[in-house]
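# A look at the structure
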Amino acid sequence: MTPQLPAEPVEVSFASAGFMKRLKAETQSQHQSLEQTEPSRRVMSPALSREGYLEVLYAFHGAFSPLESQVRESLDKNPANLEFVPRSNLAIADIKQLSGSFNPDYFSQGDAIERQGGLSLPEAVGVMYVLEGSKLGGKVISRQLAKTIGVEPQNGGSFFSGGKIEEWKTFQAYCESYAQKRPEAADTIIESAKSTFRWIEGYFLQVSRRNR
Ligand SMILES: C=CC1=C(C)/C(=C/C2=NC(=C\c3[nH]c(/C=C4\NC(=O)C(C)=C4C=C)c(C)c3CCC(=O)O)/C(CCC(=O)O)=C2C)NC1=O
């Protein structure tokens, strides 16, 4: 039998070296700056305590929840063949499991990024990049949480347990084909991802200052 050449997958993976690379490169400085904030560094700290971890969960919940609502609203209004599974509810579940209850006033939820008429589809895709991409750290973070405070995905560590690599690949493929079909939307996705990194950073700085 003559083996079939996988013409399509080759094309897809060739394309995926394009826009996603650019998106990563052009948001790198905002990304690095976010990684320097207290909640980001704390999760991975060898000195993490359970109390500290609860604060981190509250911070991520406060940042992610309004962004997730905006993405959901946009995808409902602008039908796209794009699945979005929010995960700030996992942070609530983790907090409840570890402390018995969830206090909605622990931190203010922050003001969601204001945009008249909500997020356009390319803006929502930019936000999703930041939220979905952050799941890529899941394996590393889970290992660390188990080591420092004995928290595993099923006993308080579900928020940071990460996603499936297939989901990330599907999201990447969506972005690639979207940017190819609507090149004018590519810049909007990148700008939206940048402002999302900046917004989360601002929120993290605000809640960790107040908490010092
Ligand atoms: C503190 C938690 C926290 C940690 C410790 C963490 C670790 C990692 N994040 C990674 C990648 C990304 N992370 C983000 C977004 C955030 N990263 C952050 O740190 C915060 C806070 C973000 C957004 C909320 C994005 C958009 C990408 C995709 C970049 C791309 O490939 O385009 C990888 C790399 C994985 C690989 O390359 O195999 C690791 C190890 N992620 C976290 O949320």
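Reading guide: rules and limits
Residues numbered from 1 in each chain as written. Predicted model: local features only at pLDDT ≥ 70, side-chain atom pairs only at ≥ 80, totals over all residues. Heavy atoms only, no water. Helix = DSSP H or I, 4+ residues; strand = E, 2+ residues; numbered from the N terminus. Expected span 1.5 Å × (residues − 1). Buried < 20%, exposed > 50% of the residue type's maximum accessible area, 1.4 Å probe, protein only. Arc of directions from axis to C-beta. Phe/Tyr/Trp six-rings, centres within 6.5 Å; stacked < 30°, edge-to-face > 60°. Axes fitted to C-alpha atoms, helices over the stretch in contact; angles between N-to-C directions. Parallel < 35°, antiparallel > 145°, perpendicular 65-115°, else oblique. Left-handed = near helix turned anticlockwise from the far one by under 90°. Contact = heavy atoms within 4.5 Å. Near = heavy atom within 4 Å. Polar contact = N/O pair within 3.5 Å; in protein donor to acceptor, adjacent residues only side chain to side chain. Areas by Shrake-Rupley, 256 points an atom, 1.4 Å probe, with all protein chains shown as cover. Nonpolar A, V, L, I, M, F, W, Y, C, P; charged D, E, K, R; others polar.

The protein chain has the name Biliverdin-producing heme oxygenase in an unreviewed UniProt entry, where Persicitalea jodogahamensis is given as its organism.

Take helix α8 (residues 138-149) next. With 12 residues, α8 extends 16 Å from end C-alpha to end C-alpha; this agrees with the ideal 16 Å at 1.5 Å per step. All buried positions along α8 are accounted for by G138, I141, S142, Q144, L145 and I149. Along α8, the residues classed as buried sweep out an arc of 165° about the axis, all on the same side. Among the exposed residues of α8, those oriented more than 90 degrees off its buried face are K139, R143 and K147.

Next up on the list: the packing of aromatic side chains. With the rule as written, the count across this model stands at 16 aromatic pairs. Measuring from centroid to centroid gives 5.5 Å for F64 and F159, while their planes differ by 70°, and the two rings are edge-to-face. Of the two residues, F64 sits in helix α5 (residues 50-77) while F159 sits in the loop between α8 and α9 (165-181), which places them 95 residues apart along the sequence. For the pair shown, F64 and F159 are each scored as buried.

On to the packing of α5 against helix α7 (residues 121-133). A pair of packed helices can be characterised by two numbers: the angle between their axes and the separation between those axes. Viewed as axis vectors pointing N to C, α5 and α7 meet at an angle of 140°, and their least axial separation amounts to 9 Å. Put simply, α5 runs oblique to α7. Crossing handedness for the pair α5 and α7: left-handed. Facing α5, whose interface residues are F64, L67, E68, V71, S74 and L75, α7 presents L121, A124, V127, M128 and L131.

Our focus in this paragraph is the site of the ligand. Close contacts around the ligand come from 18 residues, with H31, Y129, G133, S134 and G137 the closest. H31 is positioned with one of its side-chain polar atoms (N or O) 3.2 Å from a nitrogen atom of the ligand. Contact between the ligand and S134: a nitrogen atom at 3.4 Å from a main-chain N or O atom of the residue. Summarising the interface, the protein chains cover 77% of the accessible area of the ligand, which totals 800 Å² for the free molecule. Elements with a contribution of two residues or more to the shell around the ligand: α3 (28-35), α4 (38-43), α5, α7 and α10 (183-210). Each residue belonging to the shell around the ligand can be placed in one class, and the counts come to 11 nonpolar, five polar and two charged.

This part is about α5. For α5, built from 28 residues, the straight-helix expectation of 40 Å at 1.5 Å per residue is met to within 8% by its first-to-last C-alpha distance of 40 Å. Of all 28 residues that make up α5, 21 are buried, and the element is covered over most of its length.

Assignment of secondary structure puts T27 in the loop between α2 (19-26) and α3. Leaving out residues up to four positions away in the same chain, T27 has contacts with Y129, I190, A193, K194 and F197.

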